[in-house]
Amino acid sequence: MFSGSVVGCANALVGGWGNMGAGVTYVLMPLIFEGLKSSGLSDHASWRVAMVIPAGICFVMGLTCLLFSDDCPQGDWSKRKQQQIEEIHYAENEKNVEVHDANKATKTKTTKEDDNDSIISEKSPKVHAPSRPTIGMFFKALKNPNVIILMFMYACSFGIELAVDNVIGYFFHDHFALSQTKAGMIGALFGLMNIFSRATGGFLSDYAYQKRGIRGRLFVHFLIIFLNGIFLVAFRFSLNNLKDAVIILVIFSFFTQACCGSVFGIVPFVDPEIVGAISGLVGAGGNVGGLIFTGVFKVYANNTPIAFMVCGIAVMVVAFMTFFIRLK
């Protein structure tokens, strides 16, 4: 949907603000819980009543999308065929105008160079009507080694983000003996960083693309994901006091989320003809990664700092897969 020169920043900004909801949830839900509890409800009832609020928000947003949004970038699905016909007619009219102008131009041009220019001006870009999605597109994307690598990359960025979102509040509550509200506030920092961190990863990817082409995107991505792994490991050794832990939390959350942005700065260049299928597979890799890394935290439930170190080592290893990505 976006130009190749800004696709990283655009995708990252939209996705990052979506993920920022996790940070907002960490802030608001404990406050709602405490408010209900102070009104006389038990802990058990307070949490369940609190869940009605996000459920209601989701229902309203879903209804808003249904009533006021388009089905796809080309408009409502029911009108898509008619719109394609109109676009083709418009393109044909544009071609006729260009050919007419080119013929007039050839009458006044005498040099060989001018003649070549007139021939080029007669050429009109081919109009490709959007093809119907097929299962073959999915398998074509799945057979592409670059797609598999990017799935691993997103598993080690968005997957890490999902897993950490699930445990960070409890971790600060248990490890530093903080109240539930204070631990939630600190845990919220991880999600709230999305207000700029994922967008920063996309911006750096776009900037590197303007300077060095696709190699620039790959280099920036490797740097971000490798630093992500390093600071995940560093978090394991920063837990002697709360101040150091919060500082490293902010740093590794930045690189985790920036990595999400840099991954989707690369995705549109893998195979532009099936970018939708590729985006879906890479996104699914993030969800699978969330399950895997959540499993790591469950395995090390009695020693969560070790779980952070294991995740960090896995991310650093996967970072070197960047050098196996081959794009035209």
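Residues numbered from 1 in each chain as written. Predicted model: local features only at pLDDT ≥ 70, side-chain atom pairs only at ≥ 80, totals over all residues. Heavy atoms only, no water.

**Observations concerning the UniProt feature "transmembrane region" (unreviewed entry) in the protein**
In the numbering used here, UniProt assigns the "transmembrane region" (unreviewed entry) feature to residues 12-33, 45-69, 147-172, 178-197, 218-239, 245-267, 274-300 and 306-325. The distance separating the terminal C-alpha atoms of residues 274-300 is 40 Å; by composition the span is 93% helix and 0% strand. (UniProt positions renumbered as here; feature names shortened; annotations may be inferred. Helix = DSSP H or I, 4+ residues; strand = E, 2+ residues; numbered from the N terminus.)

**Examining the environment of Asp174**
On the secondary structure map, Asp174 appears in helix α8 (residues 158-175). Judged by relative accessible area, Asp174 falls into the exposed class, the value being 57%. A polar atom in the side chain of Asp174 sits 2.9 Å from the side chain of His173. (Buried < 20%, exposed > 50% of the residue type's maximum accessible area, 1.4 Å probe, protein only. Polar contact = N/O pair within 3.5 Å; in protein donor to acceptor, adjacent residues only side chain to side chain.)

**Comments concerning the packing of α8 against helix α9 (residues 180-192)**
For the pair α8 and α9, the least separation of the axes is 7 Å and the interaxial angle reads 150 degrees. Taken together, the axes of α8 and α9 are roughly antiparallel relative to one another. Crossing of α8 against α9: the hand is right-handed. Where α8 approaches α9, its residues Glu161, Val164, Asp165, Ile168, Gly169, Phe172 and His173 are matched on the opposing element by Gln180, Ala183, Ile186, Gly187, Phe190 and Gly191. Tallied by class, residues from the contact of α8 with α9 come to 6 nonpolar, 5 polar and 2 charged. (Axes fitted to C-alpha atoms, helices over the stretch in contact; angles between N-to-C directions. Parallel < 35°, antiparallel > 145°, perpendicular 65-115°, else oblique. Left-handed = near helix turned anticlockwise from the far one by under 90°. Contact = heavy atoms within 4.5 Å. Nonpolar A, V, L, I, M, F, W, Y, C, P; charged D, E, K, R; others polar.)

**Digging into the state of the cysteines**
Under the counting rule described, the total for this entry stands at 0 disulfides. Counting only cysteine sulfurs, Cys259 is the nearest neighbor of Cys156, a cysteine outside any disulfide, at a range of 8.0 Å. For the unlinked cysteine Cys311, the closest cysteine sulfur is that of Cys156, found at 8.8 Å. (Disulfide = S-S within 2.5 Å.)

**Considering the nonpolar core**
Grouped together as the largest cluster of nonpolar side chains are 61 residues, with contacts concentrated most on Leu150, Phe172, Phe235, Phe252, Val263 and Val282. Taken together, the elements giving at least two residues each to this core come down to α7 (145-155), α8, α9, α11 (214-236), α12 (242-266), α13 (275-299) and α14 (304-319). Looking at which element gives the most residues to this core, the answer is α12, with 12 residues. (Core = buried A, V, L, I, M, F, W, Y, C linked by side-chain atoms within 4.5 Å.)

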